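Structural overview for review
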Amino acid sequence: MDRTDDIIHDWNTAPGTSERLRTVALHDETLRDGLQNASVRDPDRDEKRRIVRGLEAIGVDSLNVGLPGAGERARRDIADLLAFIRDEGLAIRPTVACRTHPDDLRPACELAAEAGIEVEAMAFLGTSPIRLYTEGWTEDELERRTRRAMRL
C-alpha cells in the first residue's frame, strides 16, 4: 500500500484533498468565569500575568481578561493585562465580557483605546424566562438594548 490516505483518515482535511477544513481556536475564561466560584480567590496582577504567559505558551488563541463594568478594580486589572499583552508582544488576543449595556461597553471601548490594541467584546444578554419575568423585560426591550449596544 503506497497511500496512507487509504488507511488513515485525517478529519482536518476535505475528503480527497490536502486542503484544511478549518482551524480550531482555543479561548480561555480562567480570568473571567474561572473567578466566579465561592472557593476560588481572585489572583493578584502578577499571578494574572503568569496565567496569561502560560496560556500564550500552550497556544491558547484568546482569553477573557474580565468584565469592564464590574467596577474600578476590575477596570484597573483589565488595563494592566491589556498593557502587559501589548508590551510583551504576545500573540494571544484579549477579549472582555460585556452585558449589552453602555455601562459595560463604554469602559471596554475606553480600555481598548487606552491600550492601543484590539479587544473583542463578547457581549451577552440575559434572556431566560425567569430573568424576563423578574426584570419585567419584554422581547421588544431586549431587541432595543441589543441594537443600542451594537451601535455603541
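Residues numbered from 1 in each chain as written. Predicted model: local features only at pLDDT ≥ 70, side-chain atom pairs only at ≥ 80, totals over all residues. Heavy atoms only, no water.

A short note on the state of the cysteines
The cut-off we apply is this: Disulfide assignment relies on a single distance test, namely cysteine sulfur atoms paired within 2.5 Å.
Inspection of the entire model under this criterion finds zero disulfides. Unpaired in terms of disulfides, C98 finds its nearest cysteine sulfur in C109, a separation of 7.7 Å.

Here's the deal with the pattern of salt bridges
Put simply, the rule is: Between Lys or Arg on one side and Asp or Glu on the other, a salt bridge is scored when a side-chain nitrogen of the former is within 4 Å of a carboxyl oxygen of the latter. Segments assigned H or I by DSSP are reported as helices when at least four residues long, segments assigned E as strands when at least two residues long, and all are numbered from the N terminus.
The full count for this structure, using the stated rule, is 14 salt bridges. Ionic pairing is found between R53 and E88, a salt bridge with its closest N-O pair at 3.5 Å. Of this pair, R53 sits in helix 1 (residues 45–57) while E88 sits in helix 2 (residues 72–88); the two residues are 35 residues apart in sequence, bridging distant segments of the chain. Between E141 and R144 there is a salt bridge, with the nearest N and O atoms lying 3.0 Å from each other. Taken as a pair, E141 and R144 lie in helix 5 (residues 139–151) at a separation of three residues, close to a single helical turn. Because the salt bridges share partners, they merge into one network encompassing R45, K48, R73 and D77.

Quick look at the pairing of strand 4 (residues 120–124)
Test applied: Criterion used throughout: strands pair if DSSP finds at least two bridges between them. Seen with its strands pointing away from the viewer, a crossover is right-handed if its path from the first strand over the helix to the second goes clockwise.
Across five bridges, the pairing between strand 3 (residues 93–99) and strand 4 is parallel. Residue A97 lies in a different strand from strand 4, and its bridge partner there is M122. Chirality of the crossover, the property in question, places the unit of strand 3, helix 3 (residues 102–115) and strand 4 among those that are right-handed.

Brief notes about the packing of helix 1 against helix 2
Filter applied, for reference: Between N-to-C directions, angles span 0 to 180 degrees; the directions come from axes that are lines fitted to C-alpha atoms, helices contributing only their stretch in contact. Relative orientations are named as follows: roughly parallel for angles under 35 degrees, roughly antiparallel for angles over 145 degrees, roughly perpendicular for angles from 65 to 115 degrees, and oblique for any other angle. Here a crossing is called left-handed whenever its near helix is offset anticlockwise from the far helix by less than a right angle, and right-handed whenever the offset is clockwise. Residue contacts follow a heavy-atom distance rule, with two residues in contact if any of their heavy atoms lie within 4.5 Å. Throughout, the ten residues Ala, Val, Leu, Ile, Met, Phe, Trp, Tyr, Cys and Pro are labelled nonpolar, Asp, Glu, Lys and Arg are labelled charged, and all others, Gly among them, are labelled polar.
Look at helix 1 against helix 2: their axes get within 10 Å of each other, and the N-to-C directions meet at 45°. Judged by the inter-axis angle, helix 1 sits oblique to helix 2. Considering only the axes of helix 1 and helix 2, their crossing is right-handed. The segment helix 1 lies against helix 2, with R45, K48, R49, V52 and R53 engaging R73, R76, D77, D80, L81, F84, I85 and E88. Along the lines of polarity and charge, the residues of the contact of helix 1 with helix 2 split into four nonpolar, no polar and nine charged.

A few points about the packing of helix 2 against helix 3
Running from N to C, helix 2 and helix 3 point in directions that differ by 35°, and their axes come no closer than 9 Å. In this structure, helix 2 crosses over helix 3, and the sense of that crossing is right-handed. Listed contacts from helix 3 to R75, I78, A79, L82 and R86 of helix 2 are P107, E110, L111, A112, E114 and A115. Residue composition of the contact of helix 2 with helix 3, grouped by class: seven nonpolar, no polar and four charged.

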